Amino acid sequence: MRNKYHLILASNSPRRRELLAGLDVDFEVKVIDGVNESYPGDLPAADIAGYIAAEKAGAYKDELTDGNLVITADTVVVLGDTVLGKPKDLDDARRMLRLLSGKVHHVVTGVCLTAKDKQKRFSVTTDVAFRELSDEEIDYYVDKYKPLDKAGAYGIQEWIGYVGVTSIRGSYFNVMGLPVQRIYEELLKF
């Protein structure tokens, strides 16, 4: 794919870098520390990731020179009315995994493509089902993998995904943190 823009991925996530690289596009990574990731308390759960992705894009306004396109993203896990972001510590990670155990949840990744003259914002949702997880399995995963940088306290590409995920409906890569198929589609149209 040839793109008329110089792509900038605004993310520290090694998974997002790996996924975007899988599209065989050239890009650079730039990260601004301390970007606000809060959201209004009355925002519907399905809109939170998109809202945060757009807020992150605002922090990169100085990068928006002619020819640059900044890609920002945020992922949340939604279980019923409960939104699970990144756990604050290992005990919080255990709590989140106990909540997800034996249930279906939604992984929502919001993406914002921002150039100097336009912006495209979208979200992708994937349904993920976990089998019932034992406390021993949860402890093993949390202690070994330390999933503090992952929404919902898990990485589907890690051990817990191998043994715990019974089905997904939607994009697997979205659950990893970047809906690359949809990004590819949107970049073609941008």
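Residues numbered from 1 in each chain as written. Predicted model: local features only at pLDDT ≥ 70, side-chain atom pairs only at ≥ 80, totals over all residues. Heavy atoms only, no water.

1. Some thoughts on the pairing of strand E3 (residues 68–79)
In terms of burial, E3 is a largely internal element, 12 of the 12 residues being buried. The alternating pattern of E3 places Asn68, Val70, Thr72, Asp74, Val76 and Val78 and Leu69, Ile71, Ala73, Thr75, Val77 and Leu79 on opposite faces, both of which are buried. Both strand E1 (residues 6–9) and E3 contribute to a ladder of four bridges, which runs parallel. Within the sheet, the bridge partner assigned to histidine 6 lies in E3 and is asparagine 68. Across 10 bridges, E3 lies against strand E5 (residues 104–115) in antiparallel orientation. Of the residues in E5, the one forming a bridge with valine 70 is threonine 114. Here E3 folds back onto strand E4 (residues 82–84), and the loop between the two strands holds two residues, one of which, glycine 80, carries a positive phi near 65 degrees. (Buried < 20%, exposed > 50% of the residue type's maximum accessible area, 1.4 Å probe, protein only. Helix = DSSP H or I, 4+ residues; strand = E, 2+ residues; numbered from the N terminus. Pairing = 2+ DSSP bridges.)

2. Topic: the nonpolar core
Formed by 42 residues in total, the largest nonpolar core has its most connected members in Leu69, Leu113 and Tyr154. It is E3 that provides the largest number of residues to this core, a total of five residues. What tyrosine 154 contacts, discounting residues up to four positions off in sequence, is Val77, Leu97, Leu100, His105, Val107, Val128, Phe130, Tyr141, Pro147, Ile160 and Val175. Ile48, Ile52, Val78 and Val108 belong to the second largest nonpolar core, which has seven residues in total. (Core = buried A, V, L, I, M, F, W, Y, C linked by side-chain atoms within 4.5 Å. Contact = heavy atoms within 4.5 Å.)

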